[in-house]
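Examining the three-dimensional arrangement
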Amino acid sequence: DFCLSRGLGDVYKRQALKWSQLAANQGVAQAQYNVGSMYDNGTGVLEDDTEALKWYRLAADQGIAEAQFNLGLMYANGEGVAEDYKQAVKWYRLAAEQGDADAQYNLGVMYDKGEGVPEDNVMAYMWWNLAAAQGDENAKENKGKLQDSMTSAQIEEAQTLSRECLAKDYKHCG
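It should be emphasised that the depicted structure is a prediction, and the values quoted were computed from it without experimental measurement.

Glancing now at the overall build of the protein chain. If you tally the helices and strands in the protein chain, you get ten helices and zero strands. Element order for the protein chain, N to C, with α for helix and β for strand: α-α-α-α-α-α-α-α-α-α. For the protein chain, with 174 residues in total, the buried portion stands at 43%. Look at the contacts in the protein chain between residues 6 or more apart in sequence, and 47% of them connect residues 24 or more apart. Surface summary for the protein chain: the accessible area is close to 9,100 Å², and the carbon and sulfur share equals 48%. Here the protein chain contributes 16 positively and 27 negatively charged side chains, and the mean placements of these two sets differ by 5 Å.

Turning next to helix α6 (residues 85-96). For α6, built from twelve residues, the straight-helix expectation of 16 Å at 1.5 Å per residue is met to within 8% by its first-to-last C-alpha distance of 16 Å. Listing the buried residues of α6 in full gives Ala-88, Val-89, Trp-91, Tyr-92, Ala-95 and Ala-96. Each element contacted by the buried residues of α6 is listed here: α4 (49-61), α5 (65-77), α7 (101-113) and α8 (121-133). Taking the backbone nitrogen of Lys-86 as reference, a side-chain oxygen 3.1 Å away marks Asp-84 as the first, capping residue of α6.

The next point concerns the packing of α7 against α8. Following both chains from N to C, one finds α7 and α8 inclined at 160°, their axes separated by 8 Å at the closest point. If you check the angle between α7 and α8, you find them roughly antiparallel. At the point where α7 passes α8, the crossing takes the left-handed sense. Across the interface between the two elements, Ala-101, Gln-104, Tyr-105, Leu-107, Gly-108, Val-109, Tyr-111 and Asp-112 from α7 touch Asn-121, Met-123, Ala-124, Trp-127, Trp-128, Leu-130 and Ala-131 from α8.

At a minimum axis separation of 8 Å, α8 and helix α9 (residues 137-147) run at an interaxial angle of 150°. Considered as vectors, α8 and α9 are oriented roughly antiparallel to each other. Crossing angle aside, the handedness with which α8 passes α9 is left-handed. Residues Asn-121, Ala-124, Tyr-125, Trp-128, Asn-129, Ala-131 and Ala-132 of α8 touch α9, and the partners they reach there are Ala-139, Lys-140, Asn-142, Lys-143, Leu-146 and Gln-147. Tallied by class, residues from the contact of α8 with α9 come to seven nonpolar, four polar and two charged.

Structurally, the position occupied by Gly-114 is in the loop between α7 and α8. Note on Gly-114: relative accessible area 33%, which makes it partly exposed. Separated by 29 residues in sequence, Gly-114 and Tyr-85 have C-alpha atoms that sit 9.4 Å apart.

Take the state of the cysteines next. Tallying each qualifying case throughout the model produces one disulfide. Covalent S-S linkage joins Cys-165 and Cys-173, the inter-sulfur distance amounting to 1.8 Å. What sets the handedness of the Cys-165 and Cys-173 disulfide is the S-S torsion sign, and at about 80° it is right-handed. In this structure, Cys-165 and Cys-173 share a single accessibility class: buried.

Time to look at helix α3 (residues 29-41). In this model α3 runs 18 Å from its N-terminal to its C-terminal C-alpha over 13 residues, within 8% of the 18 Å that 1.5 Å per residue would give. The element α3 is extensively covered by neighbouring structure, given that ten of its 13 residues are classed as buried. Looking at α3, one finds that the buried residues are Ala-29, Ala-31, Gln-32, Tyr-33, Val-35, Gly-36, Ser-37, Met-38, Tyr-39 and Asp-40.

Procedures and definitions
- Residues numbered from 1 in each chain as written.
- Predicted model: local features only at pLDDT ≥ 70, side-chain atom pairs only at ≥ 80, totals over all residues.
- Heavy atoms only, no water.
- Helix = DSSP H or I, 4+ residues; strand = E, 2+ residues; numbered from the N terminus.
- Buried < 20%, exposed > 50% of the residue type's maximum accessible area, 1.4 Å probe, protein only.
- Contact = heavy atoms within 4.5 Å.
- Areas by Shrake-Rupley, 256 points an atom, 1.4 Å probe, with all protein chains shown as cover.
- Lys, Arg positive; Asp, Glu negative; His and termini not counted.
- Charge placed at Lys NZ, Arg CZ, Asp CG, Glu CD.
- Expected span 1.5 Å × (residues − 1).
- Polar contact = N/O pair within 3.5 Å; in protein donor to acceptor, adjacent residues only side chain to side chain.
- Axes fitted to C-alpha atoms, helices over the stretch in contact; angles between N-to-C directions.
- Parallel < 35°, antiparallel > 145°, perpendicular 65-115°, else oblique.
- Left-handed = near helix turned anticlockwise from the far one by under 90°.
- Nonpolar A, V, L, I, M, F, W, Y, C, P; charged D, E, K, R; others polar.
- Disulfide = S-S within 2.5 Å.

Function cannot be inferred from these measures alone, as they are strictly geometric.
In structure tokens, the structure reads:
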């Protein structure tokens, strides 16, 4: 707080960016994610969605779930790239398969709305069920609302798919 109150926070943020970029340029995936996040949020640098997208993609290609999730958000919202729901689903799915509850929640939304995938209540319920099992309150709420419009057979199918997905450590679900 002492440093931040004296205006040194920006100096430290710029230094963090400098050192993170050095590591990121060496191919360190977590550093690539960090640099992407800094550009995404304007931390130590002017906000730049195109740069954020570049660094997130490098980290995502190395399997960083948070970067995959953020790429999904950027494609879903057209930030730094043309809006593309199919690409959003691709990146959400990669993060969701690593157990990322936010990505699982967003996949549920995509299936619920039919954005980037065919509308499918069973799949929406399954992804929300998985996210809810990790404590995501919005997923619990959406799952509850959705089941009101589903048959008992659809709910049972979604629950079965959820159990199978969990048993497969979230890989190749649905």
